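# Fold and contact review
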Amino acid sequence: MPDVELEKLSMDVAAQQMLKKAQAEGVETIFDRAKTMKPCPIGIEGACCRICAQGPCRVPPPKKKEGETGEEKKQRMGLCGATAETIVARNFARMVAAGTASHSDHSRGVAKLFKEIAHGRAQGYEVKDVAKLKRVAKDWGVAISLGEGEEAKGRDKYEIAKELADKILAEFGQQEGEINCVKRAPLKRQEIWRKNGVVPRGIDIEVVELMHRTHMGVDQDYHNLMKQSTRCALADGWAGSMISTDLQDILFGCPVPIAGEINLGVLKEDHVNVVMHGHEPLLPEMLYVAAQDPELIRYAQNKGAKGIQLAGMCCSANEVLMRHGVPVAGNYLHQELAVITGAVDALVVDVQCEMQALENVAKCYHTKIVTTDERARMPLAVHIPFDEHHALDVAKKIISLAIDNFPNRKAPVMIPSVSSPTVVGFSYETIQYLLGGSIRGSYYTLNDNIINGRVRGVAGVVGCNNCRTTQDSSHMTLIKELLKNDVIVLSTGCAAMAAGKYGLMTPEAASKYCGPGLAEVCETVGIPPVLHMGACVDNSRILMAATACVKAGGLGSDISDLPAAGAAPEWMSEKAIAIGQYFVASGVYTLFGVTFPTTGSEILTDYLFKGIEEEYGGKWDFVADPEEMARRMIAHIDLKRKALGIDKARERVLYDMAMRRELEAAAGEEH
Ligand code: BF8
Ligand code: SF4
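Described in the following lines is the structure provided in the data block. (Residues numbered from 1 in each chain as written. Chains lettered and ligands numbered in written order. Predicted model: local features only at pLDDT ≥ 70, side-chain atom pairs only at ≥ 80, totals over all residues. Heavy atoms only, no water.)

### As for the overall build of the protein chain
Selection criterion: The secondary structure listing takes helices from DSSP runs of H or I that are at least 4 residues long and strands from runs of E that are at least 2 residues long, numbered from the N terminus. Here the term buried applies to any residue with accessible area under 20% of the maximum for its type, exposed to any over 50%, and partly exposed to those in between, with areas from a 1.4 Å probe on protein chains only. Areas reported here follow the Shrake-Rupley algorithm with a probe of radius 1.4 Å; residue values treat only the protein chains shown as occluding.
Across its full length, the protein chain holds 27 helices and 18 strands. Principal-axis analysis of the C-alpha atoms gives the protein chain an extent of 75 × 70 × 55 Å. Across the 671 residues that make up the protein chain, the buried fraction comes to 60%. Surface summary for the protein chain: the accessible area is close to 26,200 Å², and the carbon and sulfur share equals 53%.

### Thoughts on the packing of helix H10 (residues 282-290) against helix H15 (residues 391-405)
To keep things clear, this is the line we draw: Every axis corresponds to a line fitted to the C-alpha atoms, with the helix fit spanning only the stretch in contact, and the corresponding angles, defined between N-to-C directions, vary from 0 to 180 degrees. Each helix crossing is assigned a hand: it is left-handed if the near helix lies turned anticlockwise from the far helix by less than a right angle, otherwise right-handed if that turn is clockwise. It only takes one pair of heavy atoms within 4.5 Å for two residues to be counted as in contact. Residue polarity is assigned by list, with Asp, Glu, Lys and Arg as charged and Ala, Val, Leu, Ile, Met, Phe, Trp, Tyr, Cys and Pro as nonpolar; anything else, Gly included, falls into the polar class.
Where H10 contacts H15, the two axes come as close as 8 Å, and the packing angle between them is 65°. When the axes of H10 and H15 are compared, the crossing they make is right-handed. Contacts between H10 and H15 involve Leu 283, Met 286, Leu 287, Val 289 and Ala 290 from the first element and Ala 391, Leu 392, Val 394, Ala 395, Lys 396, Ile 398 and Ile 399 from the second. Looking at the contact of H10 with H15 residue by residue, the classes come out as 11 nonpolar, no polar and one charged.

### Describing the site of ligand 1
How we decide: One heavy atom within 4 Å of a molecule or strand is enough for the residue carrying it to be called near that molecule or strand. Within 3.5 Å is the distance limit for a polar contact, defined as a pair of N or O atoms, with the added protein rule that one can donate a hydrogen and the other accept it, and that residues adjacent in sequence qualify only through two side-chain atoms.
The environment of ligand 1 is made up of His 279, Cys 314, Cys 315, Tyr 332, Cys 353, Gly 463, Cys 464, Cys 494, Cys 536, Met 572, Ser 573 and Lys 575. At 2.7 Å, a side-chain N or O of His 279 approaches an oxygen atom of ligand 1. Taking Lys 575, its side chain carries an N or O atom lying 3.0 Å from an oxygen atom of ligand 1. Tallied by class, residues from the shell around ligand 1 come to eight nonpolar, three polar and one charged.

### A look at the coordination of the nickel atom of ligand 1
Spelled out, the test is: Only nitrogen, oxygen and sulfur atoms within 2.8 Å of the metal, or 3.2 Å for Na, K and Ca, are treated as donors, and water is left out, so sites may look incomplete. Here a site with four donors is tetrahedral if all angles are between 85 and 135 degrees, and a site with four or six donors is square planar or octahedral if opposite donors are over 155 degrees apart and the other angles are between 65 and 115; anything else gets the irregular label.
Only one protein atom coordinates the nickel atom of ligand 1: Cys 536 (SG), located 2.3 Å from the metal. Note that the nickel atom of ligand 1 binds four donor atoms; their angles at the metal cover 91 to 158°, and the shape is irregular. In this structure, Cys 536 sits in the loop between strand S15 (530-534) and helix H22 (539-552).

### Side note on the site of ligand 2
The full set of residues close to ligand 2 is Cys 49, Ile 51, Cys 52, Gln 54, Gly 55, Cys 57, Gly 78, Leu 79, Cys 80, Ile 87, Arg 90 and Met 216. Tallied by class, the residues present in the shell around ligand 2 amount to eight nonpolar, three polar and one charged.

### Structural notes on the environment of Met 633
With respect to the secondary-structure elements, Met 633 resides in helix H25 (residues 626-644). Note on Met 633: relative accessible area 0%, which makes it buried. Sequence-wise, Met 633 and Gly 457 are 176 residues apart; in three dimensions their C-alpha atoms are separated by 9.6 Å. Not counting residues within four places of it along the chain, the set of residues in contact with Met 633 comprises Ala 459, Gly 460, Leu 478, Leu 482, Ala 565, Gly 566, Ala 567, Tyr 589 and Leu 591.

### Re the pairing of strand S12 (residues 420-424)
Basically, it comes down to this: Here, a strand pair is defined by DSSP locating no fewer than two bridges between the strands.
Of the two faces of S12, only one is covered, namely that formed by Ser 420, Thr 422 and Val 424; the face formed by Pro 421 and Val 423 stays uncovered. Where strand S5 (residues 258-262) lies against S12, five bridges are found, and the strand directions are antiparallel. Bridging from a neighbouring strand, Ile 262 pairs with Ser 420 of S12.

### Comments concerning helix H17 (residues 444-451)
We apply this condition: Note: the arc covers the axis-to-C-beta directions of the helix.
Looking only at H17, the buried set comprises Leu 446, Asn 447, Asn 449 and Ile 450. Projected onto a plane normal to the axis of H17, the buried residues spread over an arc of 165° and lie on a single side. Immediately beyond the C-terminal end of H17, within one or two residues, lies Gly 453, with a positive phi of roughly 95°.

### A short note on the sheet that holds strand S16 (residues 564-568)
Ordered in space as S15-S14-S13-S16-S17-S18, the six strands form an open sheet in which the pairing is parallel. The open sheet terminates on both sides in strands that have one partner only, identified here as S15 and strand S18 (619-622). Neighbour to neighbour, the strand axes of the sheet diverge by 25° on average, direction disregarded. Contacts from helix H19 (residues 493-501) reach strand S13 (457-461), strand S14 (487-492) and S15, with the element oriented near 120° to S14.

### Examining the packing of helix H4 (residues 84-118) against helix H8 (residues 204-213)
Threshold: Our angle categories are set so that under 35 degrees counts as roughly parallel, over 145 as roughly antiparallel, 65 to 115 as roughly perpendicular, and the remainder as oblique.
At their nearest, the axes of H4 and H8 sit 9 Å apart, and the two run at 155° to each other. When the interaxial angle is binned, H4 and H8 end up roughly antiparallel. For H4 against H8, the interelement crossing comes out left-handed. Contacts from Ala 93, Arg 94, Val 96, Ala 97, Thr 100, Ala 101 and Arg 108 of H4 reach H8 at Asp 204, Val 207, Leu 210 and Met 211. Per-class residue counts for the contact of H4 with H8 are seven nonpolar, one polar and three charged.

### A closer look at the packing of aromatic side chains
Any aromatic ring pair is given by two values, namely how distant the centres are and how the planes are angled relative to each other. This is how it is decided: In this analysis, rings of Phe, Tyr and Trp, with Trp reduced to its six-membered ring, are considered paired at centre separations within 6.5 Å, and the interplanar angle assigns stacked below 30 degrees, edge-to-face beyond 60, and tilted for intermediate values. Ring-over charges, as used throughout, are those where CZ of Arg or NZ of Lys falls within 6 Å of the ring centre and within 35 degrees of the ring normal.
What the rule picks out here adds up to 11 aromatic pairs. Relative to Tyr 607, the ring of Tyr 222 has its centre 6.2 Å away and its plane inclined at 70°; by these criteria the two rings are edge-to-face. Here Tyr 222 is found in helix H9 (residues 222-252), whereas its partner Tyr 607 is found in helix H24 (residues 602-616), with 385 residues between them in sequence. The buried category is assigned to Tyr 607, whose relative accessible area is 8%. Here Trp 571 and Phe 592 contribute two aromatic rings whose centre-to-centre distance is 5.4 Å and whose plane-to-plane angle is 45°, an arrangement assigned as tilted. Note that Trp 571 is positioned in the loop between S16 and helix H23 (574-585) and Phe 592 in strand S17 (residues 589-592), a separation of 21 residues in sequence. Exposure class is identical for Trp 571 and Phe 592. Each is buried. Each residue in the set Phe 92, Trp 571, Phe 592, Phe 596, Phe 609, Trp 620 and Phe 622 is aromatic and connected to the rest through ring pairs, giving one cluster. One cation-aromatic arrangement involves Lys 619 over Tyr 589; the distance from NZ or CZ to the ring centre is 5.2 Å.

### Things to note about the nonpolar core
Note the cut-off: Within this scheme, the nonpolar core is defined by two criteria: the residues are buried Ala, Val, Leu, Ile, Met, Phe, Trp, Tyr or Cys, and they are joined through side-chain atoms within 4.5 Å.
Counting 214 residues, the largest nonpolar core has Phe 114, Ile 399 and Leu 608 as the members making the most contacts within it. If sequence neighbours within four positions are ignored, Ile 399 has contacts with Val 274, Leu 287, Ala 290, Ala 291, Leu 296, Ile 308 and Leu 310.

### Structural notes on the side chain of Thr 367
You can see Thr 367 is positioned in the loop between helix H14 (358-364) and strand S10 (368-371). In terms of polar contacts, Thr 367 uses its side chain to reach the backbone carbonyl oxygen of Val 344, at 2.8 Å. Non-local contacts of Thr 367, meaning those with residues more than four positions away in its chain, are made with Val 339, Val 344, Asp 345, Leu 347, Ala 362 and Asn 405.

### Some points on the side chain of Asn 331
With respect to the helices, strands and loops of the structure, Asn 331 is situated in the loop between strand S8 (328-330) and helix H13 (335-340). For Asn 331, a relative accessible area of 0% translates into the label buried. Looking at Asn 331, its side chain comes within polar contact range of the side chain of Gln 471, at 3.1 Å. What Asn 331 contacts, discounting residues up to four positions off in sequence, is Met 313, Cys 314, Asn 465, Gln 471, Asp 472, Cys 494, Met 497, Ala 498 and Lys 501.

### Observations regarding unusual backbone geometry
Here the bond from Gly 55 into Pro 56 is cis, since omega is -5°, no more than 30 degrees from zero. Residue placement: Pro 56 occurs in the loop between strand S1 (48-49) and strand S2 (57-58). In this model, Cys 353 sits at a positive phi of 65°, which is unusual for a non-glycine residue. Note that Cys 353 resides in the loop between strand S9 (344-349) and H14. You will see that Asp 472, though not glycine, has its phi angle at about 75°, which is positive. Tracing the backbone through its elements, the reader meets Asp 472 in the loop between S13 and helix H18 (473-484).

This is the structure in structure tokens:
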């Protein structure tokens, strides 16, 4: 394949090298299949209903001639009479339900493990972050001390954990009332949700009800379907995902800045390479311990390896990178490519975003795919089930299997010498500490810099890779445009890994890519201009950061008042849709790239892109071109600045840059 064609598939040189290798070795990848299998033009717009056996019914919009507008002549409908609006809304709703279910089932697993640990029944785990345990316990009404006043005595951390675990686990099956963390949101936001009747009652109930309502012949009002989609998505952002983040931080430590390395170059030819791929950090935490076991290292050396190299893939990677600095092999579209290096001795998967094609690729090399979760089996993989009661033993067994597989490598091994250093670990608490200071304990400094215009606004750039667009290219174009315009970027998921791969997550990136205001702030604080906030469940950290900005004062009284916007320019998963919907419902202007799943209904799309803003203050948008995406995000940020009356401040700052430096220097001399 000529280089220009490779560059269209991925902007990542490591990916290009591996695709060349794959081609030479006759190995097929997702990039090849994307060329031969075009997406269904009706399904892509959400206009195909296949929820009963009378269908599938296809209701694509009639092709309009150029310049032609106006009403459709005939109402489009399926056999049962379901309109295009109902069909497209149902499909969208089911994406929200599946996304919420995925994050929340992950979260349930963490909560169950948390309970086992609290009761001392889980091997190798402990409650690491007592400060966060106490903060979260307070939010859930769990006492952290016993007795009153001077008599008060701190409670044992495991006693707190036991009570907290039960309260949290109950929220999954809660039937009425409100999910607990709704009260973390700004008061105005809570009122908006209550007024619209979308405060989630529990977690599971919102998913189940949404699935019920989208069954054949139930909810036939697109607005009502969107209302329950919102309620379900909020159960993801403010419960399912938020619980995952909180409990993972309590168990494994709340992330603080740490150095890491990203891209396929982190694999080592002379080491046993174990790649951890998936989403739940429960087993990876133990693999991290097991990989340092002197006995296992000796065992690896006996087999001719120099040591054991652990690396992450997808969101599992983000989890162990954020907490331990474990290197990252790559984001979603790198999974097959890692195997193609010929150097991966075991690829350990749990749940979500694991391509079934991995097995086919692994067959061409020596890589053992190890499934570890009963919910996600692959027919040809070795299955070593995760068991929290013997997690360390399970982890050691997996590492041993990888070591045993090391001598089976087939030539030729080729690892691209491509990787980038990163500084990650920006939990919302850490940002508060760095930007607000421990004394003020708020986002005051960040707000101050937004008000004075050094920072124009905040953008969340999150989400996947999608093989229908050049890998990482939209992420990079968008992020660079934002930085140039003094917009600080918060990132999670595969977007964060993309930013890391091209050097945007180092403090040095500030002077290279940012406008003068943002560069100055980043350099003063010593942070990268793109802050890695974690895995996709950690988008809940962005919700908390936005809330903290509101609470710190000076930027309005609700998330929708903030000069902020969110984007997933290369999204592909249903989880991304659930995330988008909870950001919109939390007041954020949210833009998606590649394709948008409701374009089959103009009426529904119009509601999501416009009407919904009147109800929730946030709205969706779809822009395939990342430059245009940046323009719209910046325009929105400027609009919010104007509404807050801080648009003037920004002009003044830019105009008076030299003068301000002089003033600051003079102020410095006075001290
Ligand atoms: O949860 S960003 S491709 S890895 S879905 Fe998947 Fe998308 Fe990556 Fe993580 Ni998130
Ligand atoms: Fe067709 Fe209605 Fe069945 Fe959907 S539910 S497949 S529109 S008949």
